[in-house]
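So the chains spell out like this:
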Amino acid sequence: MADLAGAEPPPGAAADWTIDQRWDRYTSAEHALWLTLYDRQARLLPGRACSAYLKGLEALDLRGEGVPDFSRINQRLAPMTGWRVVAVPGLVPDEVFFEHLANRRFPAGAFIRAPEQLDYLQEPDVFHDVFGHVPMLTDPTFADYLQAYGQGGLRAMGLGQLTNLARLYWYTVEFGLVREAGGLRIYGAGIVSSRAESIFALDDPSPNRLAFELERVMRTRYRIDDFQQVYFVAPSLRALLDATLQDFSALYARLRGAADIPIATILPTDDVVTRGTQAYAASRAG
Ligand code: PHE
Ligand code: FE
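In what follows, the accompanying structure is described. Per chain, residue numbering runs from 1 following the sequence as it is written. Here every chain gets a letter starting at A, and every ligand a number starting at 1, in the order they are written. With the structure being a predicted model, the display of local features is reserved for residues of pLDDT at least 70 and the display and counting of side-chain atom pairs for 80 or more, all residues being used for whole-chain, interface and lining totals. The basis for every side-chain value is the complete set of non-hydrogen atoms in the structure, without hydrogens or water.

**Description of the overall build of the protein**
Strands here are runs of E lasting at least two residues and helices are runs of H or I lasting at least four, both read from the DSSP assignment and numbered beginning at the N terminus. Within the protein, the regular secondary structure consists of 13 helices and 7 strands. In terms of overall dimensions, the protein is globule-like: its C-alpha atoms have a radius of gyration of 18 Å, near the 19 Å expected for 286 residues. Projected onto its principal axes, the C-alpha positions of the protein cover 55 × 40 × 40 Å. Note on exposure labels: buried denotes an accessible area under 20% of the residue type's maximum, exposed denotes more than 50%, and partly exposed covers the range between, all computed with a 1.4 Å probe on protein chains only. Per-residue burial for the protein yields a buried fraction of 53% across its 286 residues. If you take every contact in the protein between residues at least 6 apart in sequence, the share linking residues at least 24 apart comes to 69%. It is over C-alpha atoms that the radius of gyration is taken, and the globule rule equals 2.2 Å times the number of residues to the power 0.38. Should any heavy atoms of two residues lie within 4.5 Å, those residues are counted as being in contact.

**Considering the site of ligand 1**
Only a single heavy atom is needed: when it lies within 4 Å of a molecule or strand, its residue is near that molecule or strand. Lining the immediate environment of ligand 1, one finds Y145, A148, Y149, G152, R155, L165, L168, T244, L245, Q246, D247 and F248. R155 is positioned with one of its side-chain polar atoms (N or O) 2.4 Å from an oxygen atom of ligand 1. Burial of ligand 1 by the protein chains amounts to 93% of its free accessible area of 320 Å². In terms of residue count, helix α6 (residues 140-159) provides more of the shell around ligand 1 than any other element does, 5 residues in total. Grouping the amino acids of the shell around ligand 1 by side-chain chemistry returns 7 nonpolar, 3 polar and 2 charged. In protein, a polar contact requires one atom able to donate a hydrogen and another able to accept it; more generally it is a pair of N or O atoms within 3.5 Å, and residues adjacent in sequence count only if both atoms are side-chain atoms. Here, Shrake-Rupley sampling with a 1.4 Å probe gives the accessible areas, and only protein chains in the shown set may cover a residue. Under the scheme applied, nonpolar residues are Ala, Val, Leu, Ile, Met, Phe, Trp, Tyr, Cys and Pro; charged residues are Asp, Glu, Lys and Arg; polar residues are all the others, including Gly.

**Some remarks on the pairing of strand β5 (residues 208-211)**
Inspection of the sheet shows β5 paired to strand β6 (residues 230-234) by 4 bridges, in the parallel sense. The residue bridging N208 from the neighbouring strand is V230, located in β6. By convention a crossover is right-handed if, when the strands point away from the viewer, the path from the first strand over the helix to the second runs clockwise. In this fold, β5 hands off to helix α10 (residues 214-219), which returns the chain to β6; that crossover is right-handed. In this description, strands pair whenever DSSP reports at least two bridges between them.

**Details of helix α1 (residues 28-44)**
The end-to-end C-alpha distance of α1 is 25 Å, a good match for the 24 Å that 17 residues give at a rise of 1.5 Å each. Taken as a whole, α1 has its buried residues at H31, L33, W34, L35, L37, Y38, R40, Q41 and L44. Of the surrounding secondary structure, the elements contacted by the buried residues of α1 are α2 (51-60), α5 (126-133), α8 (189-192) and α9 (195-203). A helix's residues, less one, multiplied by 1.5 Å, set its expected span.

**Some remarks on the packing of aromatic side chains**
Two rings from Phe, Tyr or Trp (for Trp, the six-membered ring) form a pair when their centres sit within 6.5 Å of each other. Planes less than 30 degrees apart are called stacked, planes more than 60 degrees apart edge-to-face, and all others tilted. Under the criterion given, the structure shown has 18 aromatic pairs. Summarising the aromatic geometry, the rings of W34 and F127 are spaced 5.3 Å apart at their centres and angled 75° between planes, so their arrangement reads as edge-to-face. Placement of the pair is W34 in helix α1 and F127 in helix α5, with a sequence separation of 93 residues. For W34, a relative accessible area of 0% gives the class buried.

**Some details on the coordination of the iron ion (ligand 2)**
Where a metal carries four tetrahedral donors, each ideal angle is 109.5 degrees; where it carries six octahedral donors, the ideal angles are 90 or 180 degrees. Atoms are scored as donors when they are N, O or S and lie within 2.8 Å of the metal, with 3.2 Å used for Na, K and Ca; no water is included, so coordination may look incomplete. Within the protein, the atoms that donate to the iron ion (ligand 2) are H128 (NE2), H133 (NE2) and E174 (OE), at distances of 2.0 to 2.1 Å. Donor residues for the iron ion (ligand 2), ordered by position in the chain, follow H-x4-H-x40-E. With H128 in helix α5 and E174 in helix α7 (residues 162-174), the pair connects residues that are 46 residues apart, well separated along the chain. For the pair H128 and E174, a shared accessibility class is recorded, and that class is buried.

**Describing helix α3 (residues 70-81)**
In this model α3 runs 16 Å from its N-terminal to its C-terminal C-alpha over 12 residues, within 8% of the 16 Å that 1.5 Å per residue would give. Tucked into the core, α3 has its buried residues touching α2, β1 (84-88), β2 (105-109), α5 and α6. A positive backbone phi angle near 85° is found at G82, which sits one or two residues after α3.

**A closer look at the sheet that holds strand β7 (residues 272-274)**
A sheet is described by the order of its strands in space; here 5 strands give the open sequence β4-β3-β6-β5-β7, paired in mixed fashion. Single-partner strands in this sheet number two, and they are β4 (183-186) and β7. For this sheet the average axis-to-axis angle between neighbouring strands, irrespective of direction, equals 35°. A fitted line through C-alpha atoms represents every axis, and for helices the fit uses only the stretch in contact; the resulting angles, taken between N-to-C directions, go from 0 to 180 degrees.

Geometry only, nothing functional implied.
Given below as structure tokens:
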């Protein structure tokens, strides 16, 4: 989550931090960069991304001729699930973010990365936000989940429990895996928008892959600087939504007394899908 508490929107942005996408301002080089990123991922994802994601990607026609115009995305998306994409300058304060989600608006960065950042960038750009997140918003179950998350975020802020809830977002919306008939599949936006992690998350022997368990996930630390060392596998998107419909008050009370779980730990109570070697993380630690 961005540490922008109390920050004012930048000049030109509305009180809710939205801006005009100014689609006509993208250069032909920026449109070409979108197509490069799009084509590379679209080729890789069949058999890796979950069926809801692949269906959504197709339904929204996001390749087009370059960076999509959000108003055209919304013409297709809104009739499907009531979600819309709104443009923002970059990361927004937590409260602003949750307020948008709670109202089925997905805030997407309007800028696109520089060509030398094809594989890695720190701040979410239009490729991560739109290619990564928006296809899942066509799925009715995931659409409900993300709205409920926004409502839950506003509550968690009031209860001082955002650290725990942010981990749920991280390990589901950004880095979630789901079980399908054909095997493990990706639904997390941080994975589907990254070429290298789309392969690593499913095929590499390094990371742990553990069955999703709400309280366990909310206790687990995460890293923002490299591939994840643990992925959590939901039995289905429906099961994910069902697990979060309960009131989190009692869970938060328990979490206040519970220790954080280090990233690579496997607990005796974990339902282990794959026990990772952690070789990749060890090699990066030098
Ligand atoms: N049920 C949660 C609460 O009571 C809200 C929530 C729903 C959080 C879905 C995350 C995802 O706060
Ligand atoms: Fe994201």
